[in-house]
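Observations on the model geometry
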Amino acid sequence: MIDVKPIEHFDFHKSPKGRVLTIYTGGTLGMDFNDSGSLVPCGFEQILERVPVLKELQVNISVISFQEPIDSSNVHIEHWQLLASLIYDHYDQFDGFLILHGTDTMAYSASALSFMLEGVNKPIIFTGAQLPIASPRSDATENLVTSLEIAADKKNGKPIITEVCIFFNHVLLRGNRSKKVESQHFDAFESENYPILAEAGISIDYQWSYLKPYAKDFIRVNPEMDNNVVVLKLFPGLNKITAASILLADAVKGVIIESYGSGNVPNEKWFLDLLRESAKMGKLILNVSQCNGGRVMHGKYETSSELDKIGVVSGHDLTSEAATAKMMYVLARFSNLRDAKKCLRTPIRGEMN
């Protein structure tokens, strides 16, 4: 059971342009110095003290905080389920949602929520920071302020953003297209296989042709995720014993293979035989590329020509993070292997082309 603090309301304006529910999970953004000079998680009141401009945004903010803020390296399915339920339970009360989250697993969490929440037509924005908000050079202020603006932004009375996104370092990205690529610079996230949705400069420049159109809400939450999955990253020198321990493990229901280039795998007989045996055991096998950009194309080269015959599903241009979250979602939702494979290869939340 994950505890949360009672909701806090910061109603700065009588006629705000939007009401945003902010969910604070932890992470670098919400760190401040204590009396001994150590960085510790702070409350939203301290964030307001550090970023007083939040009061000038014409946005009323409500905050739900995890009772025990977490490092995002410790995120589990239970945290995703809590986030999904908090958004679902408060969906009608707010114009948008902001999730303050550590950067290390943000792309996984954004991908997971995109699958767990169906029929979303309001902005659900993840953001965080590379430096604590207490740091003089922190990127936290810009990320927080602009994320709140986007979460409250409307056109003709309707939300502009109608999906789960990540905002970081001036750009808005589709959540299930994002990947963390930097730990030392502010441009921590990229989306190689899908264009940015907006760029924040003097104004917020929305890329209208890439945004999901507004449609009537039918919000539904699908909280179940099956984590009996494994990621097998191919590398030169992978041996049969190691590969077999992963591909044939009894507890494993789904395997994500991170292959080379456009989906290439070793065409050695022992490896292809292991894939066949794994598929015959009823395991879902999904092939995604190790490359940040590009896509899997079975049969482009001889080394991937057998995969379709074996029953390996092409992940096309899925990120590894989105593939992992989608595999968990599919395994929980479909007991029939044929239906599960169909869902894996079909775009359902804009996660693949």
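One can find the structure itself at the top, above this paragraph.
These lines cover the structure that appears in this document, whether it is placed above or below. (Residues numbered from 1 in each chain as written. Predicted model: local features only at pLDDT ≥ 70, side-chain atom pairs only at ≥ 80, totals over all residues. Heavy atoms only, no water.)

This paragraph deals with the overall build of the protein chain. If you tally the helices and strands in the protein chain, you get nine helices and 21 strands. For 353 residues, the compact-globule formula gives about 20 Å, and the C-alpha radius of gyration of the protein chain, at 21 Å, lands near that figure. Taken over the C-alpha atoms alone, the protein chain extends approximately 70 × 50 × 40 Å along its principal axes. Here the protein chain, with 353 residues, has 54% of them falling under the buried criterion. (Helix = DSSP H or I, 4+ residues; strand = E, 2+ residues; numbered from the N terminus. Rg over C-alpha atoms; globule rule 2.2 N^0.38 Å. Buried < 20%, exposed > 50% of the residue type's maximum accessible area, 1.4 Å probe, protein only.)

Turning our attention to the pattern of salt bridges. Considering all chains together, one arrives at 13 salt bridges under this definition. Of the charged contacts in the structure, one is a salt bridge between K154 and D95, with a shortest N-O distance of 3.0 Å. Pair noted here: K154 is in strand β9 (residues 154–155) and D95 is in the loop between α2 (77–89) and β6 (96–100), with a separation of 59 residues, a long-range link. Assessed through its relative accessible area of 23%, D95 is described here as partly exposed. Its salt-bridge partner being K326, residue E351 comes within 2.6 Å of it at the nearest N-O pair. Placement of the pair is E351 in the segment after α9 (337–344) and K326 in helix α8 (residues 320–333), with a sequence separation of 25 residues. On the accessibility criterion, E351 (0% relative accessible area) is buried. (Salt bridge = Lys/Arg side-chain N within 4 Å of Asp/Glu carboxyl O.)

What follows covers the environment of S85. In this structure, S85 sits in helix α2. Taking the relative accessible area as the measure of exposure, S85 reaches 27% and is therefore partly exposed. Put simply, S85 and K155 are 70 residues apart on the chain and 27 Å apart in space, counted from C-alpha to C-alpha.

Before going further, it helps to examine the packing of aromatic side chains. Summed over all chains, the structure comprises eight aromatic pairs. Judged by centre distance (5.9 Å) and plane angle (25°), the rings of F115 and Y329 are stacked. Of this pair, F115 sits in helix α3 (residues 106–116) while Y329 sits in helix α8, placing them 214 residues apart in sequence. A single burial state applies to F115 and to Y329, both of which are buried. What links up through ring pairs into an aromatic cluster is the set Y91, F94 and F97. In this structure, K122 is placed above the aromatic ring of Y91, and the distance from its NZ or CZ to the ring centre is 4.5 Å. The ring centre of Y194 lies 4.3 Å from the NZ or CZ of R174, which sits over that ring. (Phe/Tyr/Trp six-rings, centres within 6.5 Å; stacked < 30°, edge-to-face > 60°. Lys NZ or Arg CZ within 6 Å of the ring centre and 35° of its normal.)

Before going further, it helps to spend a moment on α9. Three or more residues of α9 are buried, namely A340, K341, C343 and L344. Take α9 and look down its axis: the buried residues cluster within an arc of 160°, on one side only. With respect to the buried face of α9, the exposed residues turned more than 90 degrees away are R338 and K342. Check the buried side of α9 and you find it contacts β20 (284–289), β21 (313–314) and α8. (Arc of directions from axis to C-beta. Contact = heavy atoms within 4.5 Å.)

All right, on to the sheet that holds strand β8 (residues 124–127) then. Pairing is mixed in the open sheet, where nine strands are placed in the order β1-β5-β2-β6-β8-β11-β12-β15-β16. On the outer flanks of this sheet lie β1 (8–10) and β16 (204–206), each paired with one strand and no other. Each strand axis lies, on average, 25° off the axis of its neighbour in the sheet, ignoring direction. (Pairing = 2+ DSSP bridges. Axes fitted to C-alpha atoms, helices over the stretch in contact; angles between N-to-C directions.)

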